Amino acid sequence: MTSLAPLPAISDIRLLSGDVTNAYGNIEFIGGREEYTSKYIRIGSQTDPEHVIRFMRDVWKLKIPNLIISVTGGAANFNMKSNLTKTFRKSLIKAAESTGSWIVSGGTHSGVMLHVGKAVKEYAHVTESQQVVALGVATWGVIHNREQLLNESRQSISQNALYQLEKPAAGLTTLDKNHSHFILVDDGSEKSFGKEIEFRARLEAHIAQQTSINGVRVLNVCLIVQGGPNSLKTAYSALKEDIPVVVVGGSGGWASILSTVYHKSHTDITEVLIHDLLEEQGILPRHPIVIRPQDLSYWTNMTRECVLMKRKITIFETDATDDSVRDLDVAILQSILTNNSNTDMAEEQLKLCLAWNRSDIARDYIFNDESCFSEHVLKTFFIEAFVQNRHEFVGLFLEFGVSRALNYDEILDIYRQILDDESGGNLLRKMTSQHTTFDYVHVSRLARRLLGPSFISCYPLPSARSRSYQMSGVNENNSNKSPRPQQRQFGWNLQQNSSVRGRVGGADEADGMKELFFICLLLNWNDMSLILWRILSDPLSASIAAFRVLKSISKSSPVKEEEEALQLHLEEYRRLTIGLLDECYGNDKHKTCKLLTRCLPRWGELTCLRMMVDAHDMDLVAHPAVQYLLNDIWMGGMDKDTGMWTVVAACVFPALVPCMIQFDPIMRKSEDGEEVAGERGFFDKIFNFYNSPVVGFGLNTISYLLFLLLFAIVLLFNLPTTTPTSGTSLSAAEISLVIWISILLADEINEIAKKKRNKEILKRLRLWINNNWNKLDLIGMTLYIAGFVLRFYSIESSRILLCLAFIAYSIRLLHIFAIHRTLGPKVIMVGKMIRDLVFFMFILLVFLVAYGVVRQSLLYPDEKRIGHAIIGVLNKPYWNIYGELFLEEINYNPTEDEFTCSNDEGEISAGYQPCPQQQAAVPVLSALYLLFANVLLLNLLIAMFTYSFDNLIENSDKIWKLQLYELIEEYYYKPPLFTPLSIFSHIYTLATYMTSLCSKTSNTTTTSDNQVAGSVKDDDFKRSSGNAERLRLNVWLRWCVDAYLLTSHDRDDVETNVSKINDRIDAVMLSLEGVARHLSSQKKMKRRVKSLEKKLVNSAEALDWIMSALKDNSTFPKTSNKPVHIKARSSPYPHSSTNRFDVPQHLVSWTVPWPDYSPPHHTDRIVLNQPPWADVEVSNQLQATQINISYNSFDNKNLIDRTSHMGKYDIVDGFPRNPCGRTGLSGRGLLGRYGPNHAADPIVTRFERDENNQIVVVDDKAVLQFVAVCRHDTGDWAIPGGMVDPGESVSKTLKREFVEEVEISRSASSEDSNEQILGRVEELLKFGGVEIFRGYCDDFRNTDQAWIETIVMNFHDNDGSIFKHVRLKPGDEASGVKWQKVDRNLQLFASHSKYLKMVAERHNAYF
């Protein structure tokens, strides 16, 4: 194999022989479940650490860390407690990821290195930009299969070295596959561990002398886990070098010993204590003769020295005490902050925490009651945290009172820092040009592109002395122009708008938090922006502006990952905006409208309403607050309940306006600045009426219909049939039409002039043409003007153009449907389907041209006329789609005369149709074409229309509200007079404008601020507000914001709460694991105890029988005094003539021998018919074995619970035995199941009340009433209840039986419906039950092999409200029902009296 040339970057890495290392590259671990790849290099033990660091930086592309976590401990495998293991691994990775640290260990697959590797595997978050660096420094000579790592073992350096994972040979070990990097130290030895320790110490010390990318010195911390005497020596050496040590208590070995002696005085540490602790940890044998006295003395002295330096030691324990820490990452960082010699000052400590991005550490250990930072220092850290996107630190600084005042120079410096940082500001860099200097000219242009053309810059322009403006490539005198550098753009050209207005000046006081908020939006810093949003003076406008900015950016984002992040950010501010509008609108509609229309100086004199509309978001525009405002503007001050016919009547008779139309009070400002309501005057009402958009819309609609009527008359009756001569004059109708269209043109010019969002005429035109209806106006006017001019030259061409103009104007009439909630969205649907049709035509054109060319070529190969050929290619295939197949042409037969054509060249030249060729392929191709065109493509078009319709119909109401805004805005700014009378308004406007130009004087030197303020003209869409009013609105808005955030706090913190719950669940699971282990070790003991208890019970019963026999001198003694069933031994058996075998009470127990016991067998005929609720009849033991009923368990096959509430019952000869003794009858009787037959009995009770609604009391106890039913079968009064059906829960049985036996309805005095009453009763039966009894039921139907067991639940109506107005009727399974007083003398069915006694005792009631 050829030798490989070493890379130039590793020429300094040499072995002991002096040769360049021959083992480096990527190592691929094979042989495990998953394949892992790491980087490695073999070095000599005397290699300069500087060369290794340069190699890691240049070849491995590792950045210098902020912190080195040096993990040392036991090299042999050891076990830690499960909760400690999980906490250790999770916290170690958290410390590494949050601080940008390297974890340095031995790198082998054993001991503490194994735990480090598993921590990386289980908890590290690996991304393209971030990976936990787990650096393993191991001895080359102890690595198993190390020959596989040599370069000679592979063909190229780029090829991975395949490392086989397998059990190592004696004296060797394997590398841990979860480490990311390996440095293998070769000192020439083999099978000798620990040879890397010296180089590892030198390497860590050398790295600690570097400076990290965050500008702080690299710090070192030593982490001790388990370990032997070498770990003690390592800890001591670290403490001597002023390196903090973190000891993981409870991990075993010397780590546990150090955590124990940490709490002692150094004088209390003796050799005896150390010896006992060593034995306790299992480090030494229990025979002291094997311990060398000098070693024990050495370890004791070293331990004393460590305790003397305990200030540098931090103990981490899961079972934390006052002096220990629960989280390992906190312990590591706390040890550095409190022990490092360079962190004595609070500023240095804060700098470290900022570099680590650990605001929790800063909050707990720096920002305490004793911390004191100057305003300048805190502000500097605040800006640094912002630039680094440390949102938690920004929130911390704001919480502790950092100054929120930033001037424009400071804000500009923040922009430049972000742009200079290669790791951040990518999105901002893409949206800005590459200039030598970034200035507010770019900020203004960027804000204008994002917030819309209505934005008026509030940023300072460069002063006359500032040269920063030269970055735009133009000096102040507009001379010496230099070519601008090539721009890298992101959707917009920021240089195209040279007219950016703004303040001229330098470092004025700016709204610093708002500017930082705007930067967060540009960079898509979601968390940071939300923190700043909360402290802004106007959060509503900020959330709307954020939504507008993010939506503008998202439309031009070329990267999918950026687009997804932007969408999440976007949705967050949509949610905030809607939530705030809901809160504000619910509190005060009038103030909410003011918030939507007030000018926002900090946001370029925009309004919230303007930004929402520019964002074209249907959810925001469709909000009730916006619609309330638009409705108010639409009605023009009229009462919103004014009927349409009232408005029509007032339009016809203006004098009726003050009488018929109700107007809202007009708000005027008083002398003290407060708004007061005032009445409108007579002429004010008339003016406001005709100036309202709703009236203007109606009048303009009528005017437009008259215009179309006039146009139609001209087309139908007034146009000449021939081209007129020069002397021919125009008709009166034509002259009227010309004048009318001229006035319409003036209307459009006036609309363009009123586009005040931009001063440039071209951009005003662009805004105007963006409206589709204006495009139709332009098309109609252009066609009409062209047609009118052609009228004097070619009347036919003129007529065609004028007809097309009429079509355009007629389609323009659809605009009036926008006012209708149903028709408005349909117009949008038509437009969307037209766009779909355009795209569809491109697809259809492919098939049409393909077939048309082939058809024309086959049928007319001799056609030389290009025009006729093109018509043949496009015309006939197009009409084929609509059913015109031209069969006589494609199936041409010269013998027939159906198709007129000629083959004569002269006739063809004269216009005759040439005869087609006879081609059999043409009909086949025609059929295929029609198959694709008519079947496939037309159905595709229908599917496209259906999809568009379905998408639009879901949001039809929101679409209508969005287009309604455009309609209201259009007619709000239209002249009060409708066309053609609007010409007078235009003349008045022009005269006013000319007058204002003439009245201007030369003394116009005002500041830019005054110009901006004066440019804002108040109307219903945009209102300026004074400082006092702005302050009042902001205070009210802040109150609404706080209320909204308070109510949504739980929703906002869902993820945090879930994370906390998960942590708690993890802790509980760890505790349960310990409990489970403890319980599993006691299973055998429990089984033995249970068996012993059973034997003791049998022995006790036998002894009772012996004692009774001796006492009575009889062989038939009484067994015990425990209660036995009585009703289950009564005869005859219900519904039969069968008498039971007489069983005396002292012979009921099965433990009493009774050889003569021979009960009759009885199973009722109903049961023998095998209904669904009965088992198959079993006649003998053999059959019982064959059927194999699952006694004492749940019968999954039949969904029957065959367990007993009494415990496990005996099975004798294949049949179950009644646990309460003999009944004198075998078989099943009336019961369906062998063994227990489960029932459920609901006892519904209330207190008896007198006419004054007071509880009746007897013997100082309340009297209870219960719902009693009369049974159909026996006529006894009883508790409602019945058997549990297969697969049915007890709770369902309780509810079902009560509803079946008791019918509930409302009484005559009740105001509630039957559904409400039944709902309350069902809720009581579902949630209000208390278990009274669970066990054997003494019932007449019980036998030796079948018996009833029941669960009795009490449902108590404590205040009597549930059944107060309820009338009880017997249900299908009862003959009577009533409220029965609970009394001891009641004769009830089965054991029901006993259950009532239990209920009375529970409620302390009379019985």
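Let me begin by describing the structure that accompanies this report. This one's a predicted model, so the numbers in the text were calculated from it and none came from an experiment.

### Section: the overall build of the protein
The number of helices and strands found in the protein is 49 helices and 34 strands. Each of the 1407 residues in the protein was classed as buried or not, and the buried ones make up 46%. Intrachain contacts of the protein at a sequence separation of at least 6 include 72% that bridge at least 24 residues. Accessible area for the protein stands at about 71,800 Å²; split by element, carbon and sulfur atoms hold 55% of it.

### Focus on helix H13 (residues 391-399)
Each α-helix winds once per 3.6 residues, and so residues spaced three or four apart point in a common direction. Here H13 has its buried residues at Phe 393, Val 394, Gly 395, Leu 396, Phe 397 and Leu 398. Buried positions along H13 lie against helix H10 (346-356), helix H11 (359-365), helix H12 (375-387), helix H17 (512-523) and helix H18 (526-535). Among the residues trailing H13, Gly 401 stands out with phi positive, at a value near 85°.

### Remarks on a nonpolar patch on the surface
A cluster of nonpolar side chains, namely Ile 843, Val 846, Phe 847, Val 854, Val 924, Leu 925, Leu 928, Leu 931, Phe 932, Val 935, Leu 936 and Leu 940, defines an oily patch on the protein surface of about 960 Å² accessible area. If one sorts the elements of the nonpolar patch by residue count, helix H37 (residues 921-954) sits on top with 8 residues. Looking at the element boundaries, Leu 925 is found in helix H37. Leu 925 gets classed as partly exposed once you look at its relative accessible area, which sits at 31%.

### Describing unusual backbone geometry
For residues besides glycine, phi is generally negative; the peptide bonds are generally trans as well. Residue Pro 980 follows Thr 979 across a cis peptide bond; omega there is 10°. Following Ser 1131, the chain continues into Pro 1132 via a peptide bond in cis, with omega recorded as -5°. By the element assignment, Pro 1132 lies in the loop between helix H44 (1083-1112) and strand E18 (1161-1163). Backbone geometry at Asp 242 places phi at a positive 65°, although glycine is not the residue there. By the secondary structure assignment, Asp 242 is in the loop between helix H5 (229-240) and strand E9 (245-248). The exposure class of Asp 242 is partly exposed, given its relative accessible area of 26%. Within the chain, Leu 1199 stands out as a residue other than glycine whose phi angle is a positive 60°.

### Description of the pattern of salt bridges
Under the definition given, this model contains 36 salt bridges. Between Asp 360 and Arg 358 there is a salt bridge whose closest N-O contact spans 2.8 Å. Judged by relative accessible area, which is 30%, Asp 360 ranks as partly exposed. Using a relative accessible area of 3% as the deciding quantity, one classes Arg 358 as buried.

### As for the side chain of Arg 1228
Its place among the elements puts Arg 1228 in strand E23 (residues 1226-1229). Only 2.9 Å separates the side chain of Arg 1228 from the backbone oxygen of Asp 1175, close enough to count as a polar contact.

### Examining the pairing of E9
Burial of E9 is two-sided: the residues Val 245 and Val 247 facing one way and the residues Val 246 and Val 248 facing the other way are all buried. Relative to E9, strand E8 (residues 219-225) is paired through 3 bridges, and the arrangement is parallel. Of the residues in E9, the one forming a bridge with Leu 223 is Val 246. Assessed by its sense of winding, the connection that carries the chain from E8 through H5 to E9 is right-handed. As paired elements, E9 and strand E10 (residues 313-316) share 4 bridges and run parallel to each other. Its bridge partner lying in E10, Val 245 is registered against Ile 313.

### Details of the packing of aromatic side chains
Where two aromatic rings form a pair, the distance of their centres and the angle of their planes describe that pair. Overall, the coordinates contain 40 aromatic pairs when judged by the stated rule. Ring centres of Trp 879 and Tyr 882 lie 5.9 Å apart, and the angle between their planes is 55°; this geometry places the pair in the tilted category. A residue is classified by how much of its surface remains accessible, and Tyr 882, at 55% relative accessible area, is exposed. Centroid distance Phe 1363 to Trp 1379: 5.4 Å. Interplanar angle 80°. Geometry classified as edge-to-face. On the criterion of sequence distance, the pair formed by Phe 1363 in the loop between strand E32 (1346-1357) and strand E33 (1366-1370) and Trp 1379 in strand E34 (residues 1374-1381) is long-range, its members being 16 residues apart. As far as the burial class goes, Phe 1363 and Trp 1379 line up, both buried. Here the basic side chain of Lys 1378 rests over the ring of Trp 1277, its NZ or CZ set 4.4 Å away from the ring centre.

Calculation criteria
Residues numbered from 1 in each chain as written. Predicted model: local features only at pLDDT ≥ 70, side-chain atom pairs only at ≥ 80, totals over all residues. Heavy atoms only, no water. Helix = DSSP H or I, 4+ residues; strand = E, 2+ residues; numbered from the N terminus. Buried < 20%, exposed > 50% of the residue type's maximum accessible area, 1.4 Å probe, protein only. Contact = heavy atoms within 4.5 Å. Areas by Shrake-Rupley, 256 points an atom, 1.4 Å probe, with all protein chains shown as cover. Patch = residues over 30% accessible without salt bridge, like charges linked within 9 Å, V, L, I, M, F, W, Y side chains within 5 Å. Salt bridge = Lys/Arg side-chain N within 4 Å of Asp/Glu carboxyl O. Polar contact = N/O pair within 3.5 Å; in protein donor to acceptor, adjacent residues only side chain to side chain. Pairing = 2+ DSSP bridges. Right-handed = clockwise from strand over helix to strand, strands pointing away. Phe/Tyr/Trp six-rings, centres within 6.5 Å; stacked < 30°, edge-to-face > 60°. Lys NZ or Arg CZ within 6 Å of the ring centre and 35° of its normal.

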